[in-house]
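Reading the structure
Each chain, written out:
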Amino acid sequence: MKLHIRHETRYDFDAPVPFGLQQLRKTPKSFRNQSVVTWNTEIIGGSKELSYEDYHRNTVELISFEANTQSVSLISDGVVEIEDNHGILGRHEGSTPLWLFNRSTRRTKPGKGVADLVRSLPEGEPLEQMHALSDAIRERVQYEVGSSHPDWSAEDALEAGSGVCQDHAHIFITCVRQIGLPARYVSGYLMMNDTQLQDATHAWAEVHVDGLGWVGFDVSNGISPDSRYVRVATGLDYAQAAPVIGNRIGAAGEQLTVQLQVAQQ
């Protein structure tokens with residue numbers, strides 16, 4: 001399946017901003033079942049300073065703002081071809097050691113909520129446990145747009161009882177690492193069945209299972225990724241895979257607008 005994606009992130013400031021830098025991780029990975037046919041990033045109100053591949057093999061673009069700008073648009077557009085692999089990516093590759101994905105971060109630090117979830121899991125094969133864990137998280141933490149904060153940890157979302165895909169992924173990853181399996185966060189695009197227009201990217205998780213390699217789990221939708229899913233960036237948590245992060249100088253207020261379109265070509 002070929003998917004056409006257009007992703008625009010726009011910042012409007014109420015006063016001129018003298019300087020700003022942003023890191024973009026919006027370029028999909030070309031890897032096994034996924035091939036980037038075309039991809040382009042356009043910057044309005046700024047400039048692309050450089051592009052590099054980080055240690056998670058994410059494409060990172062460093063963007064600077066024009067001096068005293070009051071508006072910046074970061075527009076990514078392209079076509080990606082995906083083959084359905086039932087969520088199985090296969091063996092681990094790259095220079096990043098597999099053991100790193102057992103390491104906790106601030107967002108994936110386990111506490112009582114995670115411990116309770118892990119204790120509730122039935123005995124069984126790893127894949128059976130992972131699907132049971134996904135179901136348990138979805139039951140404990142209701143998906144509710146706008147109910148969480150980007151800085152929330154897995155324990156924060158469990159305590160609140162609601163969250164979004166980012167929170168589901170963090171809880172899942174935290175629990176899996178407690179079981180003893182490597183796990184990572186995935187940021188990407190998902191073609192919805194009922195609409196082409198969206199206001200945010202999607203997030204899910206991947207677990208390394210002996211004999212299979214990396215396997216994806218979308219807790220929010222209760223399935224493993226199929227040909228509607230486009231992998232963009234991976235990391236230990238959201239901070240290492242966020243589509244846009246950065247900072248700026250000045251006290252100007254800002255308005256963020258995200259427009260995302262994902263459609264079959």
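Everything in this summary refers to the structure shown in the same document.

Brief notes about the nonpolar core
Among the nonpolar cores identified, the biggest contains 41 residues, and Ile5, Ile171, Phe172, Val176, Tyr189, Val207 and Val230 are the most heavily contacted of them. Of all the elements, helix 4 (residues 165–179) adds the most residues to this core, at seven residues. Excluding its chain neighbours within four sequence positions, the residues that come into contact with Phe172 are Met130, Leu133, Ser134, Ile137, Ala205, Val207, Phe217 and Val219. Listed in part, the eleven residues of the second largest apolar core include Tyr11, Leu24, Val244 and Ala252.

Some points on the packing of aromatic side chains
Within the structure shown, the criterion is met by seven aromatic pairs. Centroid distance Phe101 to Trp214: 5.2 Å. Interplanar angle 80 degrees. Geometry classified as edge-to-face. On the criterion of sequence distance, the pair formed by Phe101 in the loop between strand 7 (88–90) and helix 1 (112–120) and Trp214 in strand 13 (residues 213–217) is long-range, its members being 113 residues apart. Plain terms: the ring middles of Trp204 and Tyr229 are 5.1 Å apart, the flat faces sit at 90 degrees to each other, and that makes the pair edge-to-face. With Trp204 in strand 12 (residues 202–209) and Tyr229 in strand 14 (residues 229–235), the pair connects residues that are 25 residues apart, well separated along the chain. You'll find Trp204 and Tyr229 in the same group, each marked buried. Three or more aromatic residues joined by ring pairs form one cluster here, namely Tyr11, Phe13 and Phe65. A cation over an aromatic ring shows up here: Arg184 above the ring of Phe101, its NZ or CZ 5.9 Å from the ring centre.

Thoughts on the environment of Lys48
Turning to its location among the elements, Lys48 is positioned in strand 4 (residues 46–53). Here Lys48 falls in the partly exposed class, since its relative accessible area comes to 40%. Remark: the alpha-carbon pair of Lys48 and Arg107, spanning 59 residues in sequence, is separated by 30 Å. Dropping the residues within four chain positions of it, Lys48 is found in contact with Thr41, Ile43, Glu61, Leu62 and Ile63. Engagement of the side chain of Lys48 in a polar contact is seen with the side chain of Glu61, the distance being 2.8 Å.

Section: the pairing of strand 5 (residues 59–65)
The buried fraction of strand 5 amounts to five of the seven residues, a majority that puts the element mostly inside the structure. Bridge count for strand 2 (residues 19–27) against strand 5 is five bridges, and the pairing is antiparallel. Counted as the bridge partner of Thr27 is Thr59 from strand 5. Inspection of the sheet shows strand 4 paired to strand 5 by seven bridges, in the antiparallel sense. From the neighbouring strand, Ser51 faces strand 5, where its bridge partner is Glu61.

Rules and cut-offs
Residues numbered from 1 in each chain as written. Predicted model: local features only at pLDDT ≥ 70, side-chain atom pairs only at ≥ 80, totals over all residues. Heavy atoms only, no water. Core = buried A, V, L, I, M, F, W, Y, C linked by side-chain atoms within 4.5 Å. Buried < 20%, exposed > 50% of the residue type's maximum accessible area, 1.4 Å probe, protein only. Helix = DSSP H or I, 4+ residues; strand = E, 2+ residues; numbered from the N terminus. Contact = heavy atoms within 4.5 Å. Phe/Tyr/Trp six-rings, centres within 6.5 Å; stacked < 30°, edge-to-face > 60°. Lys NZ or Arg CZ within 6 Å of the ring centre and 35° of its normal. Polar contact = N/O pair within 3.5 Å; in protein donor to acceptor, adjacent residues only side chain to side chain. Pairing = 2+ DSSP bridges.

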